[in-house]
Protein chains: 2
Amino acid sequence: MPAVDVNQDLQHERSKCSFNQKEFTLWWVGGKDELDKKRFMENYYVNEPEFHDEVPLYYASHKELYEQTIRKATTIFTKVRKFLQEQGKYDAKNYVKYVDALLGTGVMKDSSPLRLHFVMFIPAIIGQGTPEQQAKWLDKALNCEILGTYAQTELGHGTFLRGLETTATFDERTDEIVLNSPTLTAYKWWPGSLGQTVNYCIVMAQLYSNGKCHGVHAFMVQVRDEDTHMPLPGLEIGDIGHKMGFKGVNNGFLGFKNYRIPRSNMLMRNAQLQRDGTYLKPVTPVLTYGTMVFVRVLIVRGMASDLAKSATIAVRYSSVRRQSVINPDQPEVQIIDHLTQQGKLLPQIAKAIALKLTAENLWKMYQETTSELNSGKLDRLPELHAIACCLKAVSTTDAAKGIEVCRLACGGHGYLSSANFMSFYTVAMAASTYEGENTVLLLQTARYLIKMWNQASKGKKLVPTVEYLAKFVGKPTKRQPWSESIPVIIAAFQTITANRLKQANARIEQRKRGGSTPEEATNLTALELVRVAELHGRGFVLQSTYEMVELACQTCSSELATVLRNLCKLVVYDEALKFSGDLLRFTTISETGLVQLQQKYETILAAIRPNAVGIVDAFDYPDYVLGSALGAFDGNVYQRLYDEALKSPLNQEPVNKTFELYLKPLMRSKL
Amino acid sequence: MPAVDVNQDLQHERSKCSFNQKEFTLWWVGGKDELDKKRFMENYYVNEPEFHDEVPLYYASHKELYEQTIRKATTIFTKVRKFLQEQGKYDAKNYVKYVDALLGTGVMKDSSPLRLHFVMFIPAIIGQGTPEQQAKWLDKALNCEILGTYAQTELGHGTFLRGLETTATFDERTDEIVLNSPTLTAYKWWPGSLGQTVNYCIVMAQLYSNGKCHGVHAFMVQVRDEDTHMPLPGLEIGDIGHKMGFKGVNNGFLGFKNYRIPRSNMLMRNAQLQRDGTYLKPVTPVLTYGTMVFVRVLIVRGMASDLAKSATIAVRYSSVRRQSVINPDQPEVQIIDHLTQQGKLLPQIAKAIALKLTAENLWKMYQETTSELNSGKLDRLPELHAIACCLKAVSTTDAAKGIEVCRLACGGHGYLSSANFMSFYTVAMAASTYEGENTVLLLQTARYLIKMWNQASKGKKLVPTVEYLAKFVGKPTKRQPWSESIPVIIAAFQTITANRLKQANARIEQRKRGGSTPEEATNLTALELVRVAELHGRGFVLQSTYEMVELACQTCSSELATVLRNLCKLVVYDEALKFSGDLLRFTTISETGLVQLQQKYETILAAIRPNAVGIVDAFDYPDYVLGSALGAFDGNVYQRLYDEALKSPLNQEPVNKTFELYLKPLMRSKL
């Protein structure tokens, strides 16, 4: 990275770094091999001018943005393929990895309309298609001869899968399946790439045969002509319109009117529909859990990285920006020297690291569980699912909040699109809703916790992530002895969770005795249940962070160990202070103890402050990834803001036509 | 409002309303006269087709959006003027009122580039110009013969006024003032309408004469030619680029290079610069406080209304949307029947009302204080300023959070621009930064509170808003006896504030004894101070809500009184539960007490639930104000979402050109 022309305050910050940044980066990315691969890839991207917009796409119209995104996405596809072939590194997996690595960066701020083809369409063919069906479509899809997506959500139906309205009715006469959208609310709505991009689509619909409904199944549906790209007759297809973010994704709608497909287009790896309309049920419905968990691991990891990028931007800007004096006779200070600014930003650095380590821990669990699955053991699947649900909710909530904290900490300039916080925010916010709405997911975790609580009451041994509950079952409520040690604070989160779970469970039982159905009782207790699930997730985040940091500290330098342990302390103290009410209820912490905790927190802020820039630098995000005028490595904030402003199409002419058209007439017509 | 074609679930909700909505609306808008005027105005707006976009502007490019906004703003100016003249109601104040009423509505989602002309430029001429200067510019400005704005913030300088870099140097030789931007960071940056719209600008710059700097003063500067609109030589002027929101405002930049204006263009109502360069100081620098407070009252009121609009949208949608079953054998329920949804939305209704009542209370204080000012009493100005600071911070924070809660509660569809939450969110979020960044404002309040605490220690009587502190000064810390009565909970907020203020003050003193300067000690205690100021503001919100509700209940029907008191309880319980840690520290509330408080909270949710739609209907926002497919009065959510999607320019042609240009080549070139 260039040593010249770097902002002096930023240079000074870097000179204060107390640890070896390379060592941090190697730990953060997962070793030398990973770092080399990452740098090689980044070096390639940064030197491909066609991957970078001359004029940022936020200046473009909705339609232009789509067109430019398609141009860029296909260019990237073609160039990356050629590059990998030349390097002798071409295979489908590596290809997707290279293309995907550009998402969530300044290069593909609005995501790509070709993404779902690889991450949903192809996996669905593999996962749900028979060998014959794979032979028919898989190669074509891998070669991009056909482009596809996956359509489940409908205009009137989201989370509740059984509520889907699209019908797929078997017509024995012609051996066809007839697709219909009986109402407007049955229209498929939201699938990415569906609007104008794809010509194939896997559609989820209620299967009917022999007068009976067999529930939701997947069907391969061609939606546009392969030569002309015209929508096929019997379909109504289009763009669902402008959104907060993901503006390049081309989310679409799709309505069916007696649209016929061959019976053989039903994906029949699991369930089957025979020639005479006989329906054969799938054997292992539980398997889809695995995919959901996998996606949620990716989400937690993505949240960590979006938050880390936002913190990088805000910390660098806060080191360059000078505003307000502390002592009246001194010059204006770097805004990071205001304690309030440290209180905003440093916890975001720590939280980003905590979420990353949590994702790694979850990934480990996922791998263990799927390898057990392959040998037929399903025991830990519900546990894995339960923890993944609440972690997805907690991580998306914290990341979105944290990104906004970073943005607001940059004052007015954070509001400019050239600061690029909005890309990260809209991505994190979307993740609060998609792949399971957060409240719905927390309730799933809560139901699992209630079940485990009741199993423990019956003396059953619990699986690892909920094992701590057993200590509290059937015991009188007792305050946990408080100390400021990190393991004790983490244990306090478990104590709080268990006690609140116990209370919620008691409320449910009380309501059932009062005449509520179990489901009504659960709904009436839902506010408490959501809180319990959140606490369970937060405890897991803290536990994962602590364990992974201690693991790293066994082999790393003492300088790095100090930094990592401080970051771990920060995230634990920060979280504990936010739950001070619960600490007072369920531990022996005193008024003095709380005041001391606040002081400890402030001491850690001061300890991390000199390394703030050092740490975000060591996250190793190149400028094109951050895509931010405020966050570039050189800290030339003001010049970059100015340069970005000059790209505005309004600045390409001295006088806009609206002067002659509207302003002048107004100014000449006396009021 | 139409009775036909209304969604049946919504109709059913309306049939449950237990109070007289007209009575609520009259209370909410401030009486029959106000309601008549409001309805008259709305009726006019809704019937002017040119005020409404055929294609929503979020589909437009940055440049097109500017052009369309200018078109619409000038059309509105011209038509409203004509209309008012025909009605015999034309005067400048009424004119501005009519034009301003369209801001923050679906009609002017991105605000207007002609707004600052009326709310900053003209008031500055009146407030800071001499009679001669007013004679020269005021009529021209009122007639829109010249269009202006107000330029203070610079690229490198915001909050800290003294840090501004732009220089205005008196040249005695020519009797001129020479404006310069000595660096890029000195460029004016952010002023609305400055980019391409205005031809005049009031510029704040450091005045130099006779070799001395006299601090920041205001200068009238022509920036574009009146005939050609070309930027004048010596100026660099343009658009600062794309932003999160306020996209129609045309925020601009302005750099000076030896740009000369006559000495007489310095606004000299207060300070004066004489022909020989002699500088005469202003007499009453304190007067500018008044304007700041006035703007902050408007902000609090605006936040109330943005939150009320968001709640209206989300509550109506949640009554129409059905998703997931509660009892397995029953159909999917209205999502507002999930307790978690009630826990999200109903507090937002209550908070919107609380903020509105707080704004009214603040307005009353403002009027009292300014009338005292006019008779020469300045005593209550610092008090007013301190409470306005923290209320601006609390209201913008809560409104922005609340709007996002409403949006997220609408699931995926809340993410669509046609839902219109983003307009409200970006406005509320901008208000966290402009007119005093929230943290900076909270620290100003905190410094005032510390000062008052120390005055009280010396036995001085305190002014009303901080009078409660006196009870705690010099007394040993004692827990306040807890009860669930609303006045006791409000008093608990004062107890918490006072105790935390006491602690913060002690920490500052301790740090000073340890060798810190007073300013360093304050900075090191800033996290606690910010919290204290926030609590002070929250206490004021609760107190205002309670008082104003009780006042209303003295004259209103018992049905309405029940509703208003429930809403007041909801906002108080909700806030109390969020500060449960503080309640445990500073009151005698027990574990059981906390559990009971949660139950009370849930009981109030259940009590408000049947009236949720009734209340948001009674806020009386017409559809064009909400501008939302999800929130229209008729509840035809899905048809409206679909209709809005069809307006997408991508849907105007069956195949986008990118198929032939990019997709087909990709699909034909085997990987």
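The model shown is predicted, which means the values in this text are computed figures rather than measured ones.

**Q** An account of the overall build of chain A is needed here, citing residue identities and associated values.
**A** Scanning chain A from terminus to terminus reveals 22 helices and 11 strands. Relative to the globule expectation of 26 Å for 671 residues, the C-alpha radius of gyration of chain A, 27 Å, shows essentially globular dimensions. Its C-alpha atoms put chain A at 90 × 80 × 70 Å along the principal axes. Within chain A, contacts between residues separated by at least 24 positions form 72% of all contacts whose residues are at least 6 apart in sequence. Carbon and sulfur atoms make up 54% of the accessible area of chain A, which amounts to about 25,100 Å² in all. Charge-centre separation for chain A: the mean point of 77 positive side chains lies 5 Å from the mean point of 69 negative side chains.

**Q** Residues and numbers for the packing of aromatic side chains, please.
**A** The relation between two aromatic rings is expressed through the spacing of the ring centres and the mutual angle of the planes. All names here are of chain A. As enumerated under the stated definition, the model contains 61 aromatic pairs over all chains in all. Measuring from centroid to centroid gives 6.3 Å for Phe-619 and Tyr-621, while their planes differ by 55°, and the two rings are tilted. Neither Phe-619 nor Tyr-621 differs from the other in exposure class; each is buried. Counting every residue linked through ring pairs, the aromatic cluster contains Phe-40, Tyr-44, Tyr-45, Phe-51, Phe-83, Tyr-98 and Tyr-624. The ring of Trp-28 carries the charged tip of Lys-356 above its face, separated from the ring centre by 4.7 Å.

**Q** So, the interface of chain B and chain A: which residues are in play, and what are the values?
**A** Counting from both sides, the interface comprises 146 residues of chain B and, opposite them, 145 residues of chain A. A buried area of about 12,300 Å², summed over both sides, lies between chain B and chain A, and 61% of it is on carbon and sulfur atoms. In this structure, the connection of chain B to chain A is made through 12 salt bridges. The residue Arg-511 of chain B makes a salt bridge to Glu-602 of chain A at a minimum N-O spacing of 3.6 Å. It is helix α4 (residues 62–87) of chain B that provides the largest number of residues to the side of chain B that touches chain A, a total of 12 residues. For the side of chain B that touches chain A, the residue count by class is 63 nonpolar, 49 polar and 34 charged.

**Q** How would you summarise the side chain of Ser-111 of chain B if you had to cite specific residues and measurements?
**A** Topologically, Ser-111 of chain B is positioned in the loop between α5 (92–100) and α6 (115–128). What Ser-111 of chain B contacts, discounting residues up to four positions off in sequence, is Thr-69, Leu-103, Phe-246, Gly-248 and Val-249 of chain B.

**Q** Kindly report on the sheet that holds strand β8 (residues 252–256) of chain A, identifying the contributing residues and their values.
**A** All names here are of chain A. The sheet built from three strands is open, its strands ordered β4-β8-β7 with antiparallel pairing. Edge positions in the sheet fall to β4 (188–189) and β7 (235–239), since each of these pairs with one other strand and no more. As paired elements, β7 and β8 share five bridges and run antiparallel to each other. Following the sheet pairing, Ile-237 is matched in β8 by Leu-254.

**Q** Residue-level account of the pattern of salt bridges, with values.
**A** Pairing is possible between side chains of opposite charge, provided their charged atoms come close. Counted under the stated rule, the structure contains 100 salt bridges over all chains. Of the charged contacts in the structure, one is a salt bridge between Asp-171 of chain B and Arg-260 of chain B, with a shortest N-O distance of 2.9 Å. One end of the pair, Asp-171 of chain B, is in strand β2 (residues 167–171); the other, Arg-260 of chain B, is in strand β9 (residues 259–262), and 89 residues separate them in sequence. When its relative accessible area of 36% is taken as the criterion, Arg-260 of chain B is described as partly exposed. Among the charged side chains, a salt-bridge network with shared partners connects Lys-351, Asp-398, Arg-531, Glu-534, Arg-538 and Glu-575 of chain A.

**Q** So what's going on with the domain arrangement of chain A? Residues and values would help.
**A** Residue and element names in this part refer to chain A. Each assigned domain of chain A is listed here: domain 1 (148–282) and domain 2 (288–472 + 481–662). A combined buried area of about 410 Å² lies between domain 1 and domain 2, and 83% of that area is made up of carbon and sulfur atoms. On the domain 1 side of the interface with domain 2, the three residues burying the most area are Thr-159, Met-244 and Phe-246, jointly 92% of the side's total. Inspection of the region where domain 1 meets domain 2 yields zero salt bridges. Here domain 1 and domain 2 share zero residue pairs in polar contact (both at pLDDT 80 or more) between them.

**Q** Please provide a residue-by-residue account of empty space enclosed by the protein, values included.
**A** One pass over the structure, following the stated rule, counts seven cavities of 30 Å³ or more. Considering only enclosed or pocket space, the largest cavity measures out at about 90 Å³ in volume. Looking at the largest cavity, the residues that line it are Ala-73, Ile-76, Phe-77, Val-99, Asp-100, Leu-102, Leu-103, Met-108, Ser-112, Leu-114, Arg-115 and Phe-118 of chain B. Put simply, the parts of the chain that give the lining of the largest cavity at least two residues each are α4, α5 and α6 of chain B. Per element, the largest residue contribution to the lining of the largest cavity is three residues, and it comes from α4 of chain B. Residues that form the lining of the largest cavity fall into these classes: nine nonpolar, one polar and two charged. The calculated volume of the second largest cavity comes to roughly 60 Å³. At the level of elements, α5 (92–100) and α6 (115–128) of chain A are the ones that each hand at least two residues to the lining of the second largest cavity. Residue contributions to the lining of the second largest cavity peak at three residues, all from α5 of chain A. Residue composition of the lining of the second largest cavity, grouped by class: six nonpolar, one polar and two charged.

**Q** Got a sec to walk through the relation of the copies chain B and chain A? Specific residues and values, please.
**A** With an RMSD of 0.0 Å, the operation that places chain B on chain A is a rotation of 180° combined with a shift of 0.0 Å along the axis. The superposition of one copy onto the other is thereby described by a two-fold rotation axis. Comparing interface residues between copies, 99% of those in chain B also lie at the interface in chain A; the contact surface is shared.

**Q** Could you give an account of the pairing of strand β3 (residues 176–180) of chain B, with specific residues and numbers?
**A** All names here are of chain B. Most of β3 is tucked away: four of the five residues are buried. In the sheet, β2 pairs with β3 via five bridges, with the strands oriented antiparallel. Its bridge partner being in β3, Thr-169 is matched across the sheet by Val-178. Here β2 folds back onto β3, and the loop between the two strands holds four residues, one of which, Asp-175, carries a positive phi near 60°. The sheet contact formed by β3 and β9 spans four bridges and is antiparallel.

**Q** So what's going on with the environment of Asn-180 of chain A? Which residues, and what values?
**A** All names here are of chain A. Relative to the assigned elements, Asn-180 resides in strand β3 (residues 176–180). For the pair Asn-180 and Gly-234, spaced 54 residues apart in sequence, the C-alpha to C-alpha distance is 9.1 Å. Not counting chain neighbours up to four residues away, the residues in contact with Asn-180 comprise Thr-166, Thr-167, Phe-256, Lys-257 and Asn-258. Among the polar contacts listed, one links the side chain of Asn-180 to the backbone nitrogen of Asn-258, at a separation of 2.7 Å.

**Q** Let's hear about the sheet that holds strand β8 (residues 252–256) of chain B: which residues, and what values?
**A** The three strands lie next to each other as β4-β8-β7 (chain B), forming an open sheet whose pairing is antiparallel. In this open sheet, the two strands that pair with only one neighbour each are β4 (188–189) and β7 (235–239) of chain B.

**Q** So what's going on with helix α7 (residues 131–142) of chain A? Residues and values would help.
**A** All names here are of chain A. Along its 12 residues, α7 runs 15 Å from first to last C-alpha, staying within 8% of the 16 Å computed at 1.5 Å per residue. Those residues of α7 that are buried lie in contact with α6 and β6 (212–222). Looking one or two places after α7, you find Cys-144, whose phi comes out positive at around 60°.

**Q** So, the packing of helix α12 (residues 438–457) of chain B against helix α15 (residues 526–553) of chain B: which residues are in play, and what are the values?
**A** All names here are of chain B. The interhelical angle for the contact between α12 and α15, taken along N-to-C directions, is 85°, at an axis separation of 8 Å. As judged from the angle between their axes, α12 and α15 are roughly perpendicular. Here α12 contributes Thr-439, Leu-442, Leu-443, Thr-445, Ala-446, Leu-449 and Ile-450 to the contact with α15, which in turn contributes Ala-526, Leu-529, Val-530, Val-532, Ala-533, Glu-534 and His-536. In terms of residue class, the contact of α12 with α15 is made up of 10 nonpolar, three polar and one charged.

**Q** Lay out the side chain of Arg-321 of chain A in plain terms, naming residues and giving numbers.
**A** Here Arg-321 of chain A shows up in the loop between α8 (288–320) and α9 (339–374). Buried Arg-321 of chain A, no salt bridge; nearest opposite-charge side chain is Glu-332 of chain A, N-O distance 7.2 Å. Within the structure, the side chain of Arg-321 of chain A is placed 3.0 Å from the backbone oxygen of Leu-155 of chain B, a separation counted as a polar contact. Arg-321 of chain A has contacts with Val-333, Gln-334, Ile-335, His-413 and Tyr-638 of chain A together with Leu-155, Gly-156, His-157 and Gly-158 of chain B, leaving out every residue within four places of it along the chain.

**Q** Outline unusual backbone geometry, supporting the account with residue identities and numerical values.
**A** At Asn-210 of chain A, a position not held by glycine, the phi torsion is positive, near 45°. Structurally, Asn-210 of chain A can be placed in the loop between β5 (200–209) and β6.

**Q** Run through the state of the cysteines, naming residues and quoting values.
**A** Residue and element names in this part refer to chain A. Enumeration according to the criterion identifies zero disulfides over all chains in this entry. Cysteine Cys-17 is unpaired, with the sulfur of Cys-556 as its nearest cysteine sulfur at 13 Å. Judged by relative accessible area, which is 19%, Cys-17 ranks as buried.

Thresholds, definitions, all that
- Residues numbered from 1 in each chain as written.
- Chains lettered and ligands numbered in written order.
- Predicted model: local features only at pLDDT ≥ 70, side-chain atom pairs only at ≥ 80, totals over all residues.
- Heavy atoms only, no water.
- Helix = DSSP H or I, 4+ residues; strand = E, 2+ residues; numbered from the N terminus.
- Rg over C-alpha atoms; globule rule 2.2 N^0.38 Å.
- Contact = heavy atoms within 4.5 Å.
- Areas by Shrake-Rupley, 256 points an atom, 1.4 Å probe, with all protein chains shown as cover.
- Lys, Arg positive; Asp, Glu negative; His and termini not counted.
- Charge placed at Lys NZ, Arg CZ, Asp CG, Glu CD.
- Phe/Tyr/Trp six-rings, centres within 6.5 Å; stacked < 30°, edge-to-face > 60°.
- Buried < 20%, exposed > 50% of the residue type's maximum accessible area, 1.4 Å probe, protein only.
- Lys NZ or Arg CZ within 6 Å of the ring centre and 35° of its normal.
- Buried area = accessible area lost by both parts, 1.4 Å probe.
- Salt bridge = Lys/Arg side-chain N within 4 Å of Asp/Glu carboxyl O.
- Nonpolar A, V, L, I, M, F, W, Y, C, P; charged D, E, K, R; others polar.
- Pairing = 2+ DSSP bridges.
- Domains from an automatic or database assignment.
- Polar contact = N/O pair within 3.5 Å; in protein donor to acceptor, adjacent residues only side chain to side chain.
- 1 Å grid on protein atoms, 1.4 Å probe; cavity = no way out; pocket = protein on both sides within 12 Å on 5 of 7 lines; lining within 4 Å.
- Points joined across faces, edges and corners; volume = space filled by probe spheres on them.
- Least-squares fit on C-alpha atoms with pLDDT ≥ 70 in both.
- Expected span 1.5 Å × (residues − 1).
- Axes fitted to C-alpha atoms, helices over the stretch in contact; angles between N-to-C directions.
- Parallel < 35°, antiparallel > 145°, perpendicular 65-115°, else oblique.
- Disulfide = S-S within 2.5 Å.

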